[in-house]
Amino acid sequence: MKLFLLATLNGITVAGLYFIVAIGFTLIFGLMRVINLAHGSLYILGAYIGYDVATSTGNWYLGLAAGGVSVALAGLLIQSTLLDRIQGQEMRQSLVAIGLSIVIADLLLARYGGLAYQFDPPAILYGSVPLPIVRAYPTFRLVVVGAAVIVGLVIWLLVYRTRFGIIIRAGVDDRPMLSALGVNVPLVSILVFGLGAGLAGLAGVVGGSALSISPGEDARYLLSSLVVVIVGGMGSLSGTAIGALLIGLAEQIGLAYFPTYSVIVSFVIMAAVLALRPQGLMGRPE
Amino acid sequence: MLLQVSAGWGRIARWTLMAAAIISYPHFAPQFWVVNIGAYAIVLGIITLSLTFLAAYGGMVSLAQMTVAGVAGYTLAILSSHAANVGSAILPWPWALAIALGSGTLAGILIGLVSVRTKGISLLMITLAIGMIFFYLTQQNTTLFHGFDGFRGVKAPIVFGMSLREPIVFYYLCMGVGIALYAAVSYMVRTPFGIALQGIRDNPRRLAALGYWVELHQVAAFGVAGFVAAVGGVLSLWYHGGISPGSVGITAMVNILIVAVIGGLGQPRGALIGALLFVLIQNFAIDLFIRERFNTVIGLTFLVIVLFSPDGLIGIWERLRRNRKRGLRSAPNGATN
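Residues numbered from 1 in each chain as written. Chains lettered and ligands numbered in written order. Predicted model: local features only at pLDDT ≥ 70, side-chain atom pairs only at ≥ 80, totals over all residues. Heavy atoms only, no water.

Before going further, it helps to spend a moment on the overall build of chain A. In terms of helices and strands, chain A carries eleven helices and two strands. Secondary structure of chain A in N-to-C order comes out as α-α-α-α-β-β-α-α-α-α-α-α-α. Its C-alpha radius of gyration of 19 Å places chain A within 12% of the 19 Å reference for a compact globule of 286 residues. Principal-axis analysis of the C-alpha atoms places the extent of chain A at approximately 60 × 50 × 35 Å. (Helix = DSSP H or I, 4+ residues; strand = E, 2+ residues; numbered from the N terminus. Rg over C-alpha atoms; globule rule 2.2 N^0.38 Å.)

Structural data, given as structure tokens:
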């Protein structure tokens, strides 16, 4: 019972992290039809920058902001210089993203080496919280869940309750029409890519603080984003939340009960969803 | 008429020359160039050929071809004698080989079954996810896949008293298998199956309306590609003498795509050209330019190709040739071509 509860709690924590990473991924896909295969690299880039700033200033919150903002800027740059010029050629854009991910990962390896880095979050977020049955649970993991809920709410409000959100949703439905109405679609695309990338960077700092940062984490979060949006449905906010919860729980409960085969659970869920609903649980058919 | 005949002779002369070069190559080149460059480029080219076949004739860009090769490699390693069970192979090698090729083909079919209902970038994404899941499985599973360490000390079988991994033997083996697979793929795309596959690539709806079972053709294509990749996986296992999660990790998976794109994703021969260039960069760029930053070099090369010549080196070459021809012809009868 304790094991199950602990695995469930861990699953929800991991789901929170996966959600923050995948929501940026799905936003970018929704508007631009780009599968941003550099998303994992942006995650780890944010983590490293956040670490540098947090350790040199001694302020974790500054590191969080720096990770999010600088990766958002990197995203703006990627979309405006590389991806925008081949807009509409989805496969080519995805290949460009793959190329970028290789270069970013290699340069980060050159700069930071193969060691694992550990953050020092502020004392108020650290330590543990007493809970029934499992006794004590790390506070920061609960902070991750809180952060995921806040990010989810903010993105939902942005997309469904603001003028900018109306433009994004219109762009998802009909890009040429939106352009004909006088909206500067390339600029909107650049902003959305920046937002999605910034979320990956933010998640990097949060995830790096909850666990650790090391080379190879980029692949892990890229995989989680892929599986979450395949299961939840590409471009759907609620689908991303459901997918993240499903995959996070399956992964952690699997790890607790059959550690050497747990990733197969993710595969089975993905294959089952693709067989029954190829567009994902909450996705719209093409 | 006379011109045509002489062109025919020129062609025969060219083929003879090429065959002579291929056969005599290991007798004058140093061993490093025979095995580490020549044979390895062919092994990589075979795995890439499976992707180029899928992409060029089926319109399906899969990132999981290295995974298929890895399934075959792991199967053979598990059934063979290796460092952890020295000398006690589970099965004699012909059986183990057959099972390895079969399981690779099956893996290809399974990946096809899971992913063919999507297309384009979604297929790319799903195959990437499947491949990465297999990578994490090999890494976390200690009972079957030996976890992080994988398998070492796997020896190639001995046939007629010769180890297949002897440098010259291995070179001829790879070359022979590579040519046979290339010929088989070239033949297959002209069979009714191949023609239907290309029809599906161009217009799946029309082919479905004509009564073709679209998904079945696509899954079969994944099976064919799976067999080709499995052969490459077996050769790769013998070449490296082992296999570990790194052999099927994201870098290895993406490398196959890079090789295909550098050569030219639209044509099977792009696979070998890309593989040769990739192996050359891998071996020499490191020493010549930037130590240990091979991935940056290859990533940037890949980016430049994708941004400026999406049809790869073959595309560049064909454009150059077309321009030259046009230059020669343009004087008398204008640009008809």
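Scanning chain B for helices and strands turns up 13 helices and four strands. Every one of the 337 residues in chain B was classed for burial, and the buried ones make up 52%. A total of about 16,200 Å² of accessible surface is found on chain B, and carbon and sulfur atoms cover 68% of it. When the 21 basic and 8 acidic side-chain charges of chain B are each reduced to a single mean position, those positions are 12 Å apart. (Buried < 20%, exposed > 50% of the residue type's maximum accessible area, 1.4 Å probe, protein only. Areas by Shrake-Rupley, 256 points an atom, 1.4 Å probe, with all protein chains shown as cover. Lys, Arg positive; Asp, Glu negative; His and termini not counted. Charge placed at Lys NZ, Arg CZ, Asp CG, Glu CD.)

A separate point is the interface of chain B and chain A. Listed per partner, the contact involves 40 residues of chain B and 48 residues of chain A. Here chain B meets chain A over a buried area of about 3,700 Å², counting both sides, of which 78% is carbon and sulfur. Contact with chain A buries area across many residues of chain B, yet Ile 121, Met 125 and Ile 133 of chain B alone supply 19% of it, more than any other trio. Between Arg 293 of chain B and Asp 106 of chain A there is a salt bridge, with the nearest N and O atoms lying 2.9 Å from each other. Viewed at the interface, chain A and chain B are joined by eleven residue pairs in polar contact (both at pLDDT 80 or more). The element contributing the most residues to the side of chain B that touches chain A is helix α5 (residues 121–140) of chain B, with 13 residues. (Contact = heavy atoms within 4.5 Å. Buried area = accessible area lost by both parts, 1.4 Å probe. Salt bridge = Lys/Arg side-chain N within 4 Å of Asp/Glu carboxyl O. Polar contact = N/O pair within 3.5 Å; in protein donor to acceptor, adjacent residues only side chain to side chain.)

Our next topic: helix α2 (residues 31–58) of chain B. Along an α-helix, residues three or four apart share an orientation, since each turn contains 3.6 residues. All names here are of chain B. Between its first and last C-alpha atoms α2 spans 38 Å; for 28 residues at 1.5 Å apiece the expected length is 40 Å, and the two agree. Of all bends in α2, the biggest is about 25°, found at Thr 48. The buried fraction of α2 amounts to 24 of the 28 residues, a majority that puts the element mostly inside the structure. (Expected span 1.5 Å × (residues − 1). Bend = angle between axes of the 7 residues up to and from the residue.)

Let us now look at helix α2 (residues 39–57) of chain A. Look at α2 of chain A: 27 Å from first C-alpha to last across 19 residues, which is about the 27 Å you get at 1.5 Å a residue. Two residues or fewer past α2 of chain A, Gly 58 of chain A is found with a positive phi of approximately 75°.

Next up on the list: unusual backbone geometry. In the Ramachandran plot, Arg 33 of chain A falls in the positive-phi region, its phi being about 55° despite a non-glycine side chain. Relative to the assigned elements, Arg 33 of chain A resides in the loop between α1 (2–32) and α2. Residue class for Arg 33 of chain A comes out partly exposed when judged on its relative accessible area of 31%. Non-glycine residue His 146 of chain B carries a positive phi angle of around 60°. Tracing the sequence through the fold places His 146 of chain B in the loop between α5 and β1 (151–152).

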